[in-house]
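In case you want the letters, here they are:
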Amino acid sequence: MKVAIMGYGTIGSGVAEVLDTNKEALAERVGEPLELKYILDLRDFPGDPHEDCLVKEYQTIVNDDEVSLVVETMGGVEPAFTFVKAMLEAGKSVTTSNKALVADKGAELIAIAQQHNVNFIFEAAVGGGIPIIRVLRACLTGDVIEDMAGIVNGTTNYMLTKMEKEGCEYEDVLKEAQAKGYAEKDPTADVEGYDACRKIAILTSLVAGKQVNYEKIPTEGISKLTAVDFKYAKKLNRSIKLLATSKRVDDTYACRVAPYLLDESHTLFHVQDVFNAVYVRGNMLGDSMYYGAGAGKLPTASAVVADLVFLARNSKKYVPLEWKSAELELADSDKLEYRYFVRTKDSKSDVDKLFASAEYIDIDIDNEVGFVTAMMTEADFKSKSVMLNGIINYIRLA
Ligand code: HSE
């Protein structure tokens, strides 16, 4: 079977490497070789072992009936959407690692795939190499999913781990993450939680069977966290993690992306460095967790190639994927309840007037107080916290 890769960056070149390295095993699993025929990229790659495959026009792939499997690793919604749509309409199945494309156009592309009796799948779009999409679409279909919480961004988990272990400041750890190639030059999508937001939107769309509008998910990143927050976390015997959460409320889900303070009993407490993990609770299964390399060239490429094997085994046969275009009306996340850790410049008496059973945390810092509230709704917390004039930061407890 002939394969085309659109986008020869880190992941695309990883896919070519996996196809080369595991050539024989893949041929055995599929029943015939998976042969790379085209690589679409505007750049030149002189001396690359696959230089002969390079093309600059996506129509070259569209018009070649020999190619039945296409990998999209370009990133971004356009032109990826136009190219993927054209591939599906030409009767080719597509796998992508592009969460922006899947979060935005997932339902539409699945519907187009169905119309043309092919498949559009995206294991690598969430959790990199961790099988989580297939778990939700195939393995846990006997359950109603009640709760999901994921550490789904490797860059920020690396940064938070470093801040916790070494007591460094956010700016320093960001520079180091950039030097190591984890964080991008413009780190906004990772550090402001937008990447995690798209990923939990995809997971929620899958379990709900409807399109989640990721713009409606309240999203906070890690850029306001400081070394002092981690001192308080240590005193509380907790770890700060950026979680993407989705909780079943009535017949829908309430989602949020934000930093949380986790204690040791939390399933995700021990997930460190660039690793990802997704915790899923089903109403019959109970708790389960999926852990592994959530980013990086070969782990992500491994998930893309596993998708290629699936596509090759299901050639010219649409395999149902329950994700309709109708928008899922998300539950009001202001009604969710948490305990909140708060740092403020207000006095304890001001705090006590608003938060009756505040528990103070003393780490010997002048000119501020730190406290943990009782359990309260987000709406209640918002209405009380605006009455404090000196709030420095707050973090929910999980
Ligand atoms: N920037 C993402 C991360 C890449 O750090 O997890 C994988 O989606």
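Here's what I pulled together on the structure shown here. Given the structure is predicted, the values throughout are model-derived calculations rather than measurements. (Residues numbered from 1 in each chain as written. Predicted model: local features only at pLDDT ≥ 70, side-chain atom pairs only at ≥ 80, totals over all residues. Heavy atoms only, no water.)

Turning our attention to the overall build of the protein. Scanning the protein from terminus to terminus reveals 14 helices and 19 strands. Its C-alpha atoms give the protein a radius of gyration of 23 Å, near enough to 21 Å, the size a compact globule of 398 residues would have. Overall, the protein is about 75 × 45 × 30 Å in size when its C-alpha atoms are taken along their principal axes. Here the protein holds 398 residues, and the buried ones make up 56% of them. (Helix = DSSP H or I, 4+ residues; strand = E, 2+ residues; numbered from the N terminus. Rg over C-alpha atoms; globule rule 2.2 N^0.38 Å. Buried < 20%, exposed > 50% of the residue type's maximum accessible area, 1.4 Å probe, protein only.)

Within strand β11 (residues 275-282), 6 of the 8 residues are buried, which leaves the element mostly enclosed by the surrounding structure. By the bridge criterion, 6 bridges tie strand β7 (residues 145-151) to β11 in an arrangement that is antiparallel. In the sheet register, M148 faces β11, and the bridge partner there is V280. The antiparallel hairpin formed by β11 and strand β12 (residues 286-293) contains 3 residues in its connecting segment. (Pairing = 2+ DSSP bridges.)

What follows covers the pairing of β12. With 8 bridges connecting them, β11 and β12 associate as antiparallel partners. Among the inter-strand pairings, Y279 is bridged to a residue of β12, identified as M289.

Turning to the site of the ligand, a few remarks are in order. Around the ligand, the structure places K99, V152, N153, G154, T155, D190, D195, K199, G294 and A295. The contact in question runs from an oxygen atom of the ligand to an N or O atom on the backbone of G154, over 2.8 Å. Taken together, the elements giving at least two residues each to the shell around the ligand come down to α7 (154-166) and α10 (194-208). Residues of the shell around the ligand, tallied by class, amount to 2 nonpolar, 4 polar and 4 charged. (Near = heavy atom within 4 Å. Polar contact = N/O pair within 3.5 Å; in protein donor to acceptor, adjacent residues only side chain to side chain. Nonpolar A, V, L, I, M, F, W, Y, C, P; charged D, E, K, R; others polar.)

Attention shifts here to the pattern of salt bridges. Per the counting criterion, the structure on display carries 27 salt bridges. K2 is the salt-bridge partner of E35, the closest N and O atoms lying 3.6 Å from each other. Within this pair, whereas E35 is found in strand β2 (residues 35-40), its partner K2 is found in strand β1 (residues 2-6), the two being separated by 33 residues in sequence. Assessed through its relative accessible area of 43%, E35 is described here as partly exposed. Across the pair R343 and E368 runs a salt bridge, and its minimum N-O distance is 2.7 Å. In this pair, R343 sits in strand β15 (residues 340-344) while E368 sits in the loop between β16 (359-361) and β17 (369-372), placing the two residues 25 residues apart along the sequence. Classification of E368 by relative accessible area gives buried; the value is 14%. (Salt bridge = Lys/Arg side-chain N within 4 Å of Asp/Glu carboxyl O.)

I61, F120 and F122 are the most contacted members of the largest nonpolar core, which has 89 residues in total. Ranked by residues supplied to this core, first place goes to helix α5 (residues 99-115) with 8 residues. Not counting residues within four places of it along the chain, the set of residues in contact with I61 comprises A4, M6, Y38, L40, V55, V67, V70, M87 and K92. Within the second largest apolar cluster, 29 residues are counted, among which are I11, C53, V71 and A303. (Core = buried A, V, L, I, M, F, W, Y, C linked by side-chain atoms within 4.5 Å. Contact = heavy atoms within 4.5 Å.)

Below, the discussion takes up the packing of α5 against α10. Interhelical geometry of α5 versus α10 gives an angle of 45 degrees and a closest axis separation of 9 Å. Accordingly, the angle class assigned to the pair α5 and α10 is oblique. Here the hand of the crossing between α5 and α10 comes out left-handed. Taken together, the residues of α10 that come into contact with α5 (itself represented by K99, A100, V102 and A103) are D195, R198, K199 and I202. Tallied by class, residues from the contact of α5 with α10 come to 4 nonpolar, no polar and 4 charged. (Axes fitted to C-alpha atoms, helices over the stretch in contact; angles between N-to-C directions. Parallel < 35°, antiparallel > 145°, perpendicular 65-115°, else oblique. Left-handed = near helix turned anticlockwise from the far one by under 90°.)

Further remarks concern the sheet that holds strand β5 (residues 93-96). The 6 strands lie next to each other as β3-β2-β1-β4-β5-β6, forming an open sheet whose pairing is parallel. Edge positions in the sheet fall to β3 (54-55) and β6 (120-121), since each of these pairs with one other strand and no more. Sheet topology note: the β2/β3 ladder contains 2 bridges and is parallel. The residue bridging I39 from the neighbouring strand is L54, located in β3.

On to the sheet that holds β11. The strand order β12-β11-β7-β9-β10-β19-β15-β17-β16 describes an open sheet built from 9 strands, whose pairing is mixed. Edge positions in the sheet fall to β12 and β16, since each has one partner strand and no second. Taking each pair of neighbouring strands and ignoring which way they run, the sheet shows an average axis angle of 25 degrees. Judged from the 4 bridges that link them, β15 and β17 form a sheet pairing that is antiparallel. Pairing of V342 across the sheet is with F371, part of β17.

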